[in-house]
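Structure assessment
One-letter residues, chain by chain:
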Amino acid sequence: MSHTFYIIACAILSVTVLIGISFLSKVKTAVAGNLISAVSLFLGVVITLVYNNILSAWSIFPFMLIGILIGGALAARVKMIQMPQLVALLNGLGGFASALVGTLSLLGVGIPETDYPLFVNVTSVLAIVVGLVTLFGSLVAAGKLHRLFPQKPVVWKNHSLILNLCLILLVGITVYAAFVGDNPSMIAVALIGSIVISSFFGVAFAIRVGGADMPITISLLNSLSGVAGAIAGMAVNDLLLVAVGGIVGASGLLLTQVMCRAMNRGLGDILTGKTSVTPSKQKAETSKVVKTKTITEMTPVAEVETTPVIETEPVAEVEKVPLTQVDPVPVIETKPVPETEPVSETKPVSETEPVAEAVQEPKPEEEPAKTTPADILTNAKSVIIVPGYGMALAQAQHLVKQLADKLEENGADVKFAIHPVAGRMPGHMNVLLAEADVPYDKLFEMDAVNDDFASTDAAIVIGANDVINPSARDAADTPIYGMPVLNVDQAKEVIICNYDLNPGYSGVDNPLYKREERVHLLLGDAKDSLESLLKGLA
Amino acid sequence: MHPIILLLVFVVATVVGYLIIKQVPSLLHTPLMSGMNALSGITLLGALTAVGFTFFATSRGELLLGQILGGIAIIAATVNVIGGFGVTHRMLKMFDKKKK
């Protein structure tokens, strides 16, 4: 293959990759876009093999076969709920491959003779650094998403100082690489130094990011893996690799920016862990205590005050469903009770009382509702459903779809409001709802739907917290201040199906939980809450 | 190829890539990200040449090193590529069937 032909082929393939990505960003053409990208990459492999005259190096093929089998199995088997960690893991592998290529080129193994050893050395070290930061950052992110590590940000003493020091060392080692020439011991120092420091840096920076900021972190790592590829391409003098790596790096960065803007956060704040650290340590501690108590003592969170209850006419009967250790699901069903029965005499109330005292923490209470959530939904003409990470955890998307269908049968207009950062991955909710066959024209982005809440009969929140927290609008001292939120609080009635009343990852309490009017809390596993709602509707 | 050319290609690719996906509906963020994630496995090309060149290397050490490290790189990158495109396709299929 002639050199000119190779360059033309590279240019064409870069363009097709770009077309693939731009097709991917539109719903109608997305499948085609993915295929175009895949075919371009395959052609890139063929051209590289032919151009470099290495088709006869047969060992390449078993290696690729192993990769194809593993990758294929992963892609076919993964559950949609595990998508975020898989994407993170795959991303890390890409970075790892770039780092290995960088290692080989730094050692002068397997690269063509070069006239620019300095350029090769520097880019090799950079490829190792960026690749390993991507690998270890992604591993930590995947571990957090897979719940192998605590999701709360881990902050060390002098964390920022350590990170900055690492950065300086990494810059230093890159500069050092410019002077190593072909001196074997200096090359060894550059190699080991870059591997150790960048691995450590990758872990240290990712461990400080909280669960809620994972979407942005993954997107950033995605961008980094592209950059790592491009730099590795410079090291081994591969034009196509440089071009495609650059494209991926840049578009990944743009995607990251889009998401940051949606959260009204600076990328820097997220990386330095500012956004997800709880405002006061005390708060975090008490909420933790409450959580463990709720589970171990099998306490349904509902608690009915004796005095005010007598005043309210329709009486709520609180049903206690005991928890099992395996599946701690406090379900609360509120049912209207014949008016003649005075509350103070009903047993469930007196039973829950001592338990409530044991919890100590003043808990937001469930007011005896005038109407049950099921009644509200039966009469609602317009409903907006707000899914969050809790829906993903409970895998409740199919029940959500059933609920939506039921509501539509009743003649209600059902919309889904998707906050840009709901879930743990950009677009996480969309994928899950798509899996449950929710038509995508029912899904609305925040800006498109936010004004509708005020005129909506009922909003159903399923496992969302920070993205519906009205504090973001006015509580200036909280980390979520300024983040655009869904105006759930403006809906005529709000039904919240959350696991518990603990704050979300931001650690900011949600005033909605304490509001006494027009808010109905259904605590426990979203699946159970939804089932009870569905039953109520039937 | 001259380093300047490579750097130039990188810059141009970056700028063009940046411009091309300005307006992405958040509906597609996940598929788009996993699609680009698959593309970042393009580093496979570098791994391929490394393994290919060392395959014919005369020195024993170079052969071993290139085959082992390069082989791992090929496997990692191929998993990235195939896994990435595979899950992207699966996700997009789910969006697609809803059209009817």
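Look above for the structure.
My aim in this report is to walk through the structure given alongside it, one point at a time. Bear in mind the structure is a predicted one, so any value in this text is a computation, not a measurement.

**As for the overall build of chain A**
Within chain A, the secondary structure is distributed over 20 helices and eight strands. The 538 residues of chain A split such that 57% are buried. Just so you have it, chain A exposes about 22,100 Å², and 62% of that area is on carbon and sulfur atoms.

**A closer look at the interface of chain B and chain A**
With 82 residues of chain B in contact, the opposing surface of chain A contributes 109 residues. On inspection of chain B and its partner chain A, the count reaches zero salt bridges. If you look at where chain B meets chain A, you find ten residue pairs in polar contact (both at pLDDT 80 or more). If you list the elements that add at least two residues to the side of chain B that touches chain A, you get α1 (3-20), α2 (29-39), α3 (44-55) and α4 (60-96) of chain B. For the side of chain B that touches chain A, the leading source of residues is α4(B), giving 31 residues. Residues of the side of chain B that touches chain A, tallied by class, amount to 48 nonpolar, 27 polar and seven charged.

**A look at the packing of helix α2 (residues 30-51) of chain A against α3(B)**
As a packed pair, α2(A) and α3(B) sit with axes 10 Å apart at the nearest point and diverge in direction by 25°. As summarised for this structure, α2(A) and α3(B) are arranged roughly parallel, according to the angle between their axes. Judged by the sense of rotation from one axis to the other, the crossing of α2(A) with α3(B) is right-handed. Of α3(B), the residues touching α2(A) (which contributes Gly44(A), Val45(A), Thr48(A) and Leu49(A)) are Leu44(B), Leu45(B), Leu48(B) and Thr49(B). When the residues that make up the contact of α2(A) with α3(B) are grouped by side-chain class, the tally is five nonpolar, three polar and no charged.

**Thoughts on the pairing of strand β3 (residues 382-387) of chain A**
Residues and elements named next belong to chain A. Extensive coverage of β3 is indicated by the burial of six of its six residues. Side chains of β3 alternate between two faces, with Ser382, Ile384 and Val386 and Val383, Ile385 and Pro387 buried alike. Bridging between β3 and strand β4 (residues 413-418) involves four bridges; their strand directions are parallel. Residue pairing for β4: Val383 is matched across the bridge by Val414. Here β3 pairs with strand β6 (residues 458-462) via five bridges, running parallel.

**Digging into the pattern of salt bridges**
Residue and element names in this part refer to chain A. Counted under the stated rule, the structure contains four salt bridges over all chains. Between Asp405 and Lys401 there is a salt bridge, and its shortest N-O distance comes to 3.2 Å. Of this pair, Asp405 and Lys401 are both found in helix α16 (residues 397-409), four residues apart, which corresponds to roughly one turn of the helix.

**As for the packing of aromatic side chains**
Under the definition given, this model contains five aromatic pairs over all chains. For the ring pair Tyr6(A) and Tyr51(A), a centre distance of 3.8 Å and an interplane angle of 5° mean the geometry is stacked. Pair noted here: Tyr6(A) is in helix α1 (residues 3-24) and Tyr51(A) is in helix α2, with a separation of 45 residues, a long-range link. Given a relative accessible area of 3%, Tyr6(A) falls into the buried group. Measuring from ring centre to ring centre gives 5.7 Å for Trp58(A) and Phe55(B), while their planes differ by 80°; the resulting arrangement is edge-to-face. Within this pair, whereas Trp58(A) is found in the loop between α2 and α3 (60-77), its partner Phe55(B) is found in helix α3, the two belonging to separate chains. Among the residues examined, Trp58(A) registers a relative accessible area of 56% and is labelled exposed. Put simply, the rings of Trp58(A), Phe55(B) and Phe56(B) pair up and form one aromatic cluster. The cationic tip of Lys415(A) hangs over the ring face of Phe444(A); the distance from NZ or CZ to the ring centre is 5.4 Å.

Cut-offs and rules
Residues numbered from 1 in each chain as written. Chains lettered and ligands numbered in written order. Predicted model: local features only at pLDDT ≥ 70, side-chain atom pairs only at ≥ 80, totals over all residues. Heavy atoms only, no water. Helix = DSSP H or I, 4+ residues; strand = E, 2+ residues; numbered from the N terminus. Buried < 20%, exposed > 50% of the residue type's maximum accessible area, 1.4 Å probe, protein only. Areas by Shrake-Rupley, 256 points an atom, 1.4 Å probe, with all protein chains shown as cover. Contact = heavy atoms within 4.5 Å. Salt bridge = Lys/Arg side-chain N within 4 Å of Asp/Glu carboxyl O. Polar contact = N/O pair within 3.5 Å; in protein donor to acceptor, adjacent residues only side chain to side chain. Nonpolar A, V, L, I, M, F, W, Y, C, P; charged D, E, K, R; others polar. Axes fitted to C-alpha atoms, helices over the stretch in contact; angles between N-to-C directions. Parallel < 35°, antiparallel > 145°, perpendicular 65-115°, else oblique. Left-handed = near helix turned anticlockwise from the far one by under 90°. Pairing = 2+ DSSP bridges. Phe/Tyr/Trp six-rings, centres within 6.5 Å; stacked < 30°, edge-to-face > 60°. Lys NZ or Arg CZ within 6 Å of the ring centre and 35° of its normal.

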